[in-house]
Amino acid sequence: GAGVSQSPSNKVTEKGKDVELRCDPISGHTALYWYRQRLGQGLEFLIYFQGNSAPDKSGLPSDRFSAERTGESVSTLTIQRTQQEDSAVYLCASSLLGHEQYFGPGTRLTVT
Amino acid sequence: SQQGEEDPQALSIQEGENATMNCSYKTSINNLQWYRQNSGRGLVHLILIRSNEREKHSGRLRVTLDTSKKSSSLLITASRAADTASYFCANNYGGSQGNLIFGKGTKLSVKP
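Residues numbered from 1 in each chain as written. Chains lettered and ligands numbered in written order. Predicted model: local features only at pLDDT ≥ 70, side-chain atom pairs only at ≥ 80, totals over all residues. Heavy atoms only, no water.

Would you mind going over the interface of chain A and chain B with me for this structure?
Often, the extent of an interface is quoted as the loss of accessible area upon association of its parts. Chain A puts 24 residues into the contact, and the matching count from chain B is 21 residues. With both chains or domains summed, chain A and chain B bury close to 1700 Å², and 50% of this area falls on carbon and sulfur atoms. There are two residue pairs in polar contact (both at pLDDT 80 or more) connecting chain A and chain B. Looking at the side of chain A that touches chain B residue by residue, the classes come out as 10 nonpolar, 11 polar and three charged. (Contact = heavy atoms within 4.5 Å. Buried area = accessible area lost by both parts, 1.4 Å probe. Polar contact = N/O pair within 3.5 Å; in protein donor to acceptor, adjacent residues only side chain to side chain. Nonpolar A, V, L, I, M, F, W, Y, C, P; charged D, E, K, R; others polar.)

What follows is the structure, given as structure tokens:
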């Protein structure tokens, strides 16, 4: 079946602009995660959605970052007033609760 | 920080040799997972070992877990050039069923 998809695959934006990244999880997966990966680094947890529970936002680095998820489907990660330090690959993953995560291909964000 | 660490940071071997990567973590865990990442994009889940398991095999992969030492190892036997990738361990810590805490990864290079 279809895996996790993300769009766009690449995004170049000017400093100060807002960007919206999209994630389509695997159908039926109740959990959805966003991570950030800077060049040559490991994954940095951002936010986690599980069913209808309140999301775990503990990883969001600043109030410029927010994310939403509609039910158990699509999620969007929004970064407002982008900064050069936001440049990274943003990875989305989905899973059944307590099981392994399936990752999308990521969105490479470049802030100029 | 709850982030674990893999060692070595980089490993270069010849095809046919075995590769061993180690991972240490800091908190109690529900399970520990290993992922592979090619070309800095999406991660692929390799194997999951639960906190009450000590060893697990999957094809050419062997994972061990020592909860007393808070460490795990991933062994890839009879390596192939296609195994060249970055390998990350991630722990699903006791505070949540959700997000994983990833290490910074080991970059494995298998030379033909």
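How should I be thinking about the pairing of strand 7 (residues 61-66) of chain B in this particular structure?
Look at any regular strand and the pattern is simple: side chains alternate between the two faces of the sheet. All names here are of chain B. Pairing of strand 6 (residues 55-58) with strand 7, which is carried by four bridges, proceeds in the antiparallel orientation. Paired with Ser58 across the strands is Leu61, a residue of strand 7. Linkage of strand 6 to strand 7, two consecutive antiparallel strands, is achieved through a turn of two residues, within which Gly59 is found at a positive phi near 60°. Of the pairings in the sheet, the one linking strand 7 to strand 8 (residues 71-76) comprises six bridges and is antiparallel in character. Bridge assignment links Thr64 to a residue of strand 8, and that residue is Ser73. In this antiparallel pair of consecutive strands, strand 7 and strand 8, the connection spans four residues, and Lys70 shows a positive phi of 50°. (Pairing = 2+ DSSP bridges. Helix = DSSP H or I, 4+ residues; strand = E, 2+ residues; numbered from the N terminus.)

No statement about biological role is implied by the geometric values presented.
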